Amino acid sequence: MGRTNPTYRDRLTALEDEWGPFRRALRRGDQQRFDRLFAHARDRADAAGHLNHADPLAPVWMAIALEQERRIAELEERVDALADA
């Protein structure tokens, strides 16, 4: 049997562990924000796994950008609804 490549979820866990010292140096509120960013990456791990990118951080950044874009659009809709009221 040949060796298997790690899954994207395995690579993501390794990345999160690698960034552990940075996380620990953050203030508590920022640690929670940091955790949410990695949660966005985990939420989109299925799509990232299909990409099979050589740099495992690239899909993390895209997942974070997608989530932020989604939230911005949601907030803009709420602002527009309030402005129309």
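Before reading on, note that the structure itself is shown above.
Residues numbered from 1 in each chain as written. Predicted model: local features only at pLDDT ≥ 70, side-chain atom pairs only at ≥ 80, totals over all residues. Heavy atoms only, no water.

With that settled, consider the nonpolar core. A general feature of soluble globular proteins is that nonpolar side chains tend to end up buried together. In this structure, Y8, L12, L15, F34, F38, A41, A45, A48, L57, V60, A63 and I64 together form the largest nonpolar core, which totals twelve residues. Elements that contribute at least two residues to this core include exactly α1 (8-18), α3 (28-43), α4 (45-51) and α5 (57-84). With four residues, α5 is the largest single contributor of residues to this core. (Core = buried A, V, L, I, M, F, W, Y, C linked by side-chain atoms within 4.5 Å. Buried < 20%, exposed > 50% of the residue type's maximum accessible area, 1.4 Å probe, protein only. Helix = DSSP H or I, 4+ residues; strand = E, 2+ residues; numbered from the N terminus.)

Residue placement: Q31 occurs in helix α3. Setting aside residues no more than four positions away along its own chain, Q31 makes contact with R23, R24 and L26. (Contact = heavy atoms within 4.5 Å.)

What follows deals with the packing of aromatic side chains. Scanning the entire structure with this criterion turns up three aromatic pairs. Each ring, one from F22 and one from F34, has its centre 6.2 Å from the other, and the planes form 45°; the classification is tilted. Residue F22 is found in helix α2 (residues 20-25), and its partner F34 is found in helix α3; the two are separated by twelve residues along the sequence. By relative accessible area, F22 is classed as partly exposed at 45%. Taken together, W19, F22, F34 and F38 form an aromatic cluster joined through their ring pairs. (Phe/Tyr/Trp six-rings, centres within 6.5 Å; stacked < 30°, edge-to-face > 60°.)

Purely geometric numbers; function is a separate question.
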